[in-house]
Amino acid sequence: MRYPHLFAPLTVNRLVLRNRIVSTAHAEVHAEPGGLPGDRYIAYYEEKAKGGLGLAICGGSSPVSMDSPQGWWRSVNLTTDRVIEPLAKLSEAMHRHGAKVMIQATHMGRRSAWHGEHWPHLLSPSGVREPVHRGNAKTIEVEEIGRIISDFAAAAKRVQRAGMDGIEISAAHQHLIDQFWSPRTNFRTDAYGGSLRNRLRFGLDVLHAVREAVGADFCVGLRMCGDEFHDDGLDHEALREIAQAMADTGLIDYLGVIGSGADTHNSLANCMPPMALPPEPFAHLAAGIKSVVRIPVMHAQSIRDAVQAERLLAAGHADLVGMTRAHIADPHLVVKIRDDREDEIKQCVGANYCIDRQYDGLDVLCIQNAATAREETMPHVIARSRGPQRKVVVVGAGPAGMEAARVCAERGHRVVLFERATAIGGQILLAAKAPQREQMDGIVRWFALELKRLGVDCQLGTLATEEMVLAQQPDIVVLATGGLSHVHEQQAWGVARGLAVSSWDVLSGQVEPGRNVLVYDGVSTHAGAGVADFLASRGAQVEIVTPDTKVAEDVGGTTFPIFYRRLYAQQVVLTPNHWLERVSAEGDKKVALLRNEYTEDREERVVDQVVIENGITPNDALYGMLKRKSANVGQTDVHALYAGDPQPVLGQHLGDGRFLLFRVGDCVSMHNIHAAIYDALRLCKDF
């Protein structure tokens, strides 16, 4: 076996794991109202069990107390007996496929928002506000400490009664336990503050209560940080001491170790390392803690493939590896590793679309796998069609077109894919040009392998015309022609007169970067900040201007800090709240006229180059040519599409050269990579 350490069983307490691979606790935002796991929640985890996972720890940040609100991430509610029955269904589903399942329990303390469910008065050891969630908190009283300790014990007993395999107590990400630990947030002078022994008291009391509730044979883990990376916080040596103290109690069966505190926007980006950070950047912290404890150590953070995981285990840095985002990208990861099908693994690229959605209170989804978290309606494995083999023509090889071609080929149809560029990938290739975003290419590499494996006829460097499409005598045509850079929205920008250029022009290399550049970002997604970074990294003096309230406003909470780190380090000027009214020429310079959104004041910038990122407008010319010739006039039944059902017209007998025409992705309207892939999957899975 290529990965002997990865597939070696491990016994934790009396829990026997079939391999060392874990899906660690994360807030899925999939629970039903009231915080109960429903069918969708169970299906999301069961798919990982089908895929060979050893252990899933579900329910990231699941509250044990009413004043630790579920908030916008809809965690599993461990405060009520009503959770027992649905957790039992989850346990049964996981066990049916040989996987084990635990749940994370916590009190968030100050790490939440008071203006939500129950409108609680948040608690923290010393009433210190938390910046990320704007968590204004009161100082916790001794009586409240006792209540919360009892709440932990009651929650653990519910988990045990549900037939789950264990419980993980969270003392990471600056939850209440590590708020007591850290001198950054604990200024108390009573028995719960001051010396390290006193600061550990609350956490130890929690563990004693939990162990008393569940007994000696139930698996209890503790998740903790390996270094808060704050000058006034806990460093690695202090946390090694804490880990040793906790392990020596005999109350816990394993330690899960992560890197970085998470109470500021900048530190939050470290906790779920995006592609801009190196692989497994905090493995040394897990190794440092493992060297001082005698219980298994689990580590998760940007471990995306089997080679990484095996190396960490073989080197003794950890005993269990968390591959959580890797399983969001491909829940069948383990089976594919085991069966020597690694080329078929949809490998996580670290785009952090999943976790960034969670921080916006949206359900966790994957940028490249539209079936994840939609297991009830969308297949991870595409079944072959039981109907006739069809000739399918797909035009455009961006994310929507690549997925359409893949799914149709998996269904057993004959697929021709036209792409005017000499390579597949579409706008993903432009996104990958931005510094620290190169790994976006991984999405395209996987599609390239799959299209080759499935025998799709990829005709690259071919601008498909109406005549070419009809010459294929198609049964179905799927247009995924994408969009065009929307730089001509305002004539006053002067793009047609050469006064400004698009971000696409710069990223593709068609236009050389200027020395003094104004980037106008009209949409505040990754693209504008990415092109500003691209220009600055090539020595340009850059100002990025946006009408939105901040630069990169629509970039998620674990990703925009990376852009900000880079932009500030390169002295890029960030100017929000301004519109670009017009661009004019003054000698060999460009004059950009800006208007303040709130004061209406005008300002001018004299620069060498104006670069505009304004999203896309649909490239629908070919659609207009084919629409009236198609049997369905190019229309998609949205009721069927949104329900995940087959298109009704698929049941019609066509013949006589008639064909069905559909559009997916940006050639309908501007969406994103995930939306484009989802468009194609939900349409084509029933062809």
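Every chain begins its residue count from 1, and numbering advances along the sequence as written. Residues qualify for local features only when their pLDDT is at least 70, as the model is predicted, and side-chain atom pairs are given and counted only at 80 or more; totals for whole chains, interfaces and linings, by contrast, use all residues. With hydrogens and water excluded, all non-hydrogen atoms of the structure serve as input to the side-chain values.

Caption draft 1: Local environment of the side chain of glutamate 46. Along the chain, glutamate 46 turns up in helix α1 (residues 39-50). Assessed through its relative accessible area of 14%, glutamate 46 is described here as buried. Residues count as neighbours in contact if any of their non-hydrogen atoms are within 4.5 Å of one another. Beyond its immediate sequence surroundings of up to four residues, glutamate 46 is in contact with Ala93, Met94, Arg96 and His97. Counting from the N terminus, the helices are the DSSP runs of H or I reaching at least four residues and the strands are the DSSP runs of E reaching at least two. Exposure is judged per residue with a 1.4 Å probe applied to protein chains only, and the accessible area is read against the type maximum: over 50% gives exposed, under 20% gives buried, and values in between give partly exposed.

Caption draft 2: Examining the sheet that holds strand β21 (residues 573-575) more closely. On the basis of which strands lie adjacent, the open sheet formed by 5 strands has the order β18-β25-β19-β20-β21 and parallel pairing. Whereas interior strands pair on both sides, the edge strands pair on one side only; in this sheet they are β18 (501-502) and β21. With 3 bridges connecting them, strand β20 (residues 541-545) and β21 associate as parallel partners. Following the sheet pairing, glutamate 543 is matched in β21 by valine 573. Note on pairing: DSSP must find at least two bridges between two strands before they are called paired.

Caption draft 3: Up close: the packing of aromatic side chains. What counts as a ring pair is set by centres within 6.5 Å for rings of Phe, Tyr and Trp (its six-membered ring), and what kind of pair is set by the plane angle: stacked under 30 degrees, edge-to-face over 60, tilted for all other angles. Inspection of every chain in the model, using the stated rule, returns 11 aromatic pairs. Between the aromatic rings of tyrosine 44 and tyrosine 45, the centroid separation amounts to 5.0 Å while the plane-to-plane angle is 80°, which identifies the pairing as edge-to-face. There is no split in this pair, since tyrosine 44 and tyrosine 45 are both buried. Considering the side-chain rings of tryptophan 114 and tryptophan 119, the 5.6 Å spacing of their centres and the 65° angle between planes classify their relative orientation as edge-to-face. With a relative accessible area of 34%, tryptophan 114 lands in the partly exposed category. The class of tryptophan 119 is exposed, set by a relative accessible area of 56%. By way of ring pairs, the aromatic residues Tyr41, Tyr44 and Tyr45 are connected into one cluster.

Caption draft 4: Region of the structure containing the UniProt feature "domain: FAD/NAD(P)-binding" (unreviewed entry) in the protein chain. UniProt positions are given in the numbering used here, feature names are shortened, and annotations may be inferred rather than shown by experiment. Here the UniProt-annotated "domain: FAD/NAD(P)-binding" (unreviewed entry) positions come out as residues 391-623. Note that residues 391-623 is 28% helix and 30% strand, and that its end C-alpha atoms are spaced 18 Å apart.

Caption draft 5: Structural detail: the side chain of aspartate 151. Relative to the elements of secondary structure, aspartate 151 occurs in helix α3 (residues 142-161). If near-sequence neighbours (up to four positions away) are discounted, aspartate 151 is found in contact with Val64 and Ser65.

Caption draft 6: Representation of the pattern of salt bridges. By definition here, a salt bridge exists when the distance from a side-chain nitrogen of Lys or Arg to a carboxyl oxygen of Asp or Glu is within 4 Å. Tallied over the entire structure, the rule returns 39 salt bridges. For the salt bridge of lysine 138 with glutamate 141, the shortest nitrogen-to-oxygen distance reads 2.6 Å. Glutamate 543 is paired through a salt bridge with arginine 605; the nearest N and O atoms lie 2.8 Å apart. Highlighted residues: glutamate 543 in strand β20 and arginine 605 in strand β24 (residues 602-607), separated in sequence by 62 residues. Its relative accessible area of 18% is what places arginine 605 among the buried residues.

Caption draft 7: Local environment of unusual backbone geometry. With a phi close to 60°, valine 29 is a non-glycine residue in the positive phi region. Here valine 29 falls in the buried class, since its relative accessible area comes to 1%. Although it is not a glycine, valine 633 adopts a positive phi angle of roughly 55°. Structurally, valine 633 is set in the loop between α21 (621-626) and α22 (638-643).

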